[in-house]
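Spelled out, the chains give:
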Number of protein chains: 2
Amino acid sequence: MQLSLDEHINRFVPLSESEKQILSSFTKSQVVKRRGILLSNGEVSRSLYFVEKGCLRMYFINDKSAEQITQFALEGWWLTDFFSFMDNTPSDYFIQTIEASKLVSIDRLAFDELLKAVPKLERYFRIIMQKNLAASQLRTKYLYEMSKEEFYYHFSSNFPEFMQRVPQYMVASYLGLTPEYVSELRKRNS
Amino acid sequence: MQLSLDEHINRFVPLSESEKQILSSFTKSQVVKRRGILLSNGEVSRSLYFVEKGCLRMYFINDKSAEQITQFALEGWWLTDFFSFMDNTPSDYFIQTIEASKLVSIDRLAFDELLKAVPKLERYFRIIMQKNLAASQLRTKYLYEMSKEEFYYHFSSNFPEFMQRVPQYMVASYLGLTPEYVSELRKRNS
DNA sequence: GTTCGTTCTTAAACCAGCTTAATTTATTCG
DNA sequence: CGAATAAATTAAGCTGGTTTAAGAACGAAC
């Protein structure tokens, strides 16, 4: 599976050829190998990333020195630490590829310029942010209403392809479970 | 404290007088008494609400028939169930005023029309959604990194005015704690 | 196909936070 | 104000999920 940024934008806001050219002049395409680091903690999150192909994770190091994953991004998703990106402040997060990936990135300043140059994209990003917000509301609801056991089963039965793409311990981290407990759940269910 | 929508928009996108008039023709101002219901579960979340004065809560009924609060909105915040609002599907949530409140609401269709009529507002809402998303990422990080005890102290020391405005059991619900446990924490800390 | 690092499993002890249920204190509103 | 209702507290017992520690299985790279 692969999804170009142009194609994705076109689903919401059709762009003219010249607008597409302006867009590509403000963005960078990059191919990153497996486990490549895009952002390290302490740095400012300078870029907003779009995943054309592959998979990203965002995580921080918790007080037990363990990696705590807070978000994944698959094909068609945008990812950054928005506070750091907007306010130009150091981030607590790491962003890393899980697989070899093809990305489009936009720097903070380029993002502002781009939106001035192609105001139609304000609409595209408004819609994207709105959808992200809806997804985030739903995730929060799940966190409140499900036990950790339910949350795990919900996730594994709703996203089986994802479970196969990503190591089990990363899924465990994202769901806020210990790998040991996930093992127990898998045993229980088989 | 009171904050008009015009003023709030003006912080991000200055509007002309005629644009302000178009805006007000697509929105509704309403004063709602304490504990007034704006959305009930099973209904479509037809409106997006801006709080000019007062306080809203969004909650659902969990499997133990208890109210589970997922969001508050104070002056200057927008609130709705975005999935229901965007896709026109029934919501699981209730939205209710905690205090007597002054609100501005925009219906789904009016929202689309408004954005067509005043494209500048795409930018305003893009920024609002982006800020919401940043706030949501931060909240998620807190959930992952803090124990419930830490989460409670963090919240009560960072938002003391809020703790006084909202009943303790609502704060407990929002933080995912039982009222009994909050009582214990308060006793421990005094 | 062997090696070395990474990932997953097993099991027992442990504890943060919940449940239950009874009591006290605040609020609301006639 | 005073009655009724809603909210907050207390304390004991319990449990879902973690911690710890050790070993087993996997998979990438030579």
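Here is a short report on the structure shown in this document. (Residues numbered from 1 in each chain as written. Chains lettered and ligands numbered in written order. Predicted model: local features only at pLDDT ≥ 70, side-chain atom pairs only at ≥ 80, totals over all residues. Heavy atoms only, no water.)

**Quick word on the protein's contact with DNA strand C**
Filter applied, for reference: We call a residue near a molecule or strand whenever a single non-hydrogen atom of that residue lies within 4 Å of it. Pairs of N or O atoms are called polar contacts if they sit within 3.5 Å, as long as, within protein, a hydrogen donor faces a hydrogen acceptor (for residues adjacent in sequence, only side-chain-to-side-chain pairs). The way it works is that DSSP assigns letters per residue, a run of H or I at least four long becomes a helix, a run of E at least two long becomes a strand, and they are numbered from the N terminus. Throughout this entry, Asp, Glu, Lys and Arg are counted as charged residues, while Ala, Val, Leu, Ile, Met, Phe, Trp, Tyr, Cys and Pro are counted as nonpolar. The remaining residues, Gly among them, count as polar.
Near DNA strand C, the surroundings consist of 17 residues, among which Gln168, Tyr169 and Ser183 of chain A together with Lys148 and Tyr181 of chain B are the closest. With respect to DNA strand C, the backbone of Lys148 of chain B contributes an N or O atom lying 2.8 Å from a phosphate oxygen. Residue Thr178 of chain B places a side-chain N or O atom 3.5 Å away from a phosphate oxygen belonging to DNA strand C. Residue assignment for the surface near DNA strand C shows that the elements contributing at least two residues are α8 (168-175) and α9 (179-188) of chain A together with α6 (148-158) and α9 (179-188) of chain B. Here the residues of the surface near DNA strand C sort into three nonpolar, five polar and nine charged.

**Description of the sheet that holds strand β8 (residues 101-107) of chain A**
All names here are of chain A. Selection rule: Here the rule is simple: two strands pair whenever DSSP picks up at least two bridges between them. Every residue pair with non-hydrogen atoms within 4.5 Å of one another is taken to be in contact. Geometry is summarised by axes, namely lines fitted to C-alpha atoms with helices restricted to the contacting stretch, and by angles between N-to-C directions that run from 0 to 180 degrees.
In space, the four strands of this open sheet follow the order β1-β8-β3-β6, with antiparallel pairing throughout. Of all the strands in the sheet, just β1 (28-32) and β6 (78-79) have a single pairing partner and so form its edges. Contacts between helix α4 (residues 108-117) and the sheet are confined to β3 (47-53) and β8, with β8 contributing the most and set at about 75° to the helix.

**Focus: the packing of helix α2 (residues 17-26) of chain A against α4 of chain A**
Residue and element names in this part refer to chain A. For clarity, the cut-off: Roughly parallel here means an angle under 35 degrees, roughly antiparallel means over 145, roughly perpendicular means 65 to 115, and every remaining angle is called oblique.
Between α2 and α4, the shortest axis-to-axis distance is 10 Å and the interhelical angle comes to 170°. The angle between α2 and α4 places the two elements in the roughly antiparallel class. Contacts between α2 and α4 involve Ile22, Leu23 and Phe26 on the former and, on the latter, Ala110, Glu113, Leu114 and Ala117. Class assignment for the residues of the contact of α2 with α4 results in six nonpolar, no polar and one charged.

**Here we look at the relation of the copies chain A and chain B**
The line we're drawing: Residues below a pLDDT of 70 in either copy are left out; the C-alpha atoms of the rest, at least 70 in both, set the least-squares superposition of the copies.
Between chain A and chain B, which share one sequence, the superposing operator has a rotation angle of 180° and an axial displacement of 0.0 Å; the RMSD is 0.1 Å. In the structure described here, the two chain copies are related by an operation that fits a two-fold rotation axis. Taking the C-alpha atom as reference, chain A places Arg126 of chain A closest to the rotation axis, 2.0 Å from it. Comparing interface residues between copies, 100% of those in chain A also sit at the interface in chain B, which points to an isologous, same-surface contact.

**What to know about the sheet that holds strand β4 (residues 56-61) of chain B**
Residue and element names in this part refer to chain B. Pairing is antiparallel in the open sheet, where four strands are placed in the order β2-β7-β4-β5. Edge strands, defined here as strands with exactly one partner in the open sheet, are β2 (37-39) and β5 (67-73). Across the sheet, the mean angle from the axis of one strand to that of its neighbour is 30°, orientation sign disregarded. Here two bridges tie β2 to strand β7 (residues 94-97), and the two strands are oriented antiparallel to one another. Along β7, the bridge assignment pairs Ile37 with Gln96. Across the sheet, helix α8 (residues 168-175) lies against β4 and β5, angled at about 95° from β5, the strand it touches most.

**A word on the layout of surface pockets**
Any empty space left between the atoms is revealed when a probe the size of a water molecule rolls over them. Note the following rule: Whether a set of points on the 1 Å grid over the protein atoms alone is a cavity depends on a 1.4 Å probe fitting there but being unable to get out, while an open set qualifies as a pocket with protein on both sides within 12 Å along at least five of seven lines; lining residues are those with an atom within 4 Å of a point. Grid points are joined across faces, edges and corners, and a volume is the space filled by probe spheres set on the points.
There is about 1,400 Å³ of room inside the largest pocket. Together, 47 residues line the largest pocket, and Leu143 and Lys148 of chain A together with Leu143, Lys148 and Gly176 of chain B are the ones closest to its centre. For the lining of the largest pocket, the element with the most residues is α8 of chain B, which contributes five residues. Split by residue class, the lining of the largest pocket holds 21 nonpolar, 13 polar and 13 charged.

**So, the protein's contact with DNA strand D**
Surrounding DNA strand D, one finds 16 residues, the nearest of these being Lys148 and Tyr181 of chain A together with Gln168, Tyr169 and Ser183 of chain B. Each atom of DNA strand D within 4 Å of the protein was classed as base or backbone; sugar and phosphate made up 77%. Between Tyr181 of chain A and DNA strand D, the recorded distance is 2.9 Å, taken from a side-chain N or O atom to a phosphate oxygen. At 2.6 Å from a phosphate oxygen of DNA strand D is found a side-chain nitrogen or oxygen belonging to Ser183 of chain B.

**Quick notes on the side chain of Gln96 of chain B**
Residues and elements named next belong to chain B. How we decide: Three exposure classes are used, based on accessible area relative to the maximum for each residue type with a 1.4 Å probe and protein chains only: buried under 20%, partly exposed in between, and exposed over 50%.
For Gln96, the position within the fold is in strand β7. Classification of Gln96 by relative accessible area gives buried; the value is 7%. A distance of 3.3 Å separates the side chain of Gln96 from the backbone oxygen of Arg35, its partner in a polar contact. Within the structure, Gln96 has its side chain in polar contact with the side chain of Arg57 (distance 2.7 Å). Those residues in contact with Gln96, other than ones at most four positions away along the chain, are Arg35, Gly36, Ile37, Cys55, Leu56, Arg57 and Tyr59.

**A word on empty space enclosed by the protein**
Residue and element names in this part refer to chain A. For the structure shown, the criterion picks out one cavity of 30 Å³ or more. Taken as a whole, the largest cavity spans an internal volume of roughly 30 Å³. Contributing to the lining of the largest cavity are Asp6, Ile9, Asn10, Val13, Pro14, Leu15, Lys20 and Leu23. Elements with a contribution of two residues or more to the lining of the largest cavity: α1 (5-10) and α2. The dominant element in the lining of the largest cavity, judged by the number of residues it contributes, is α1, at three residues.

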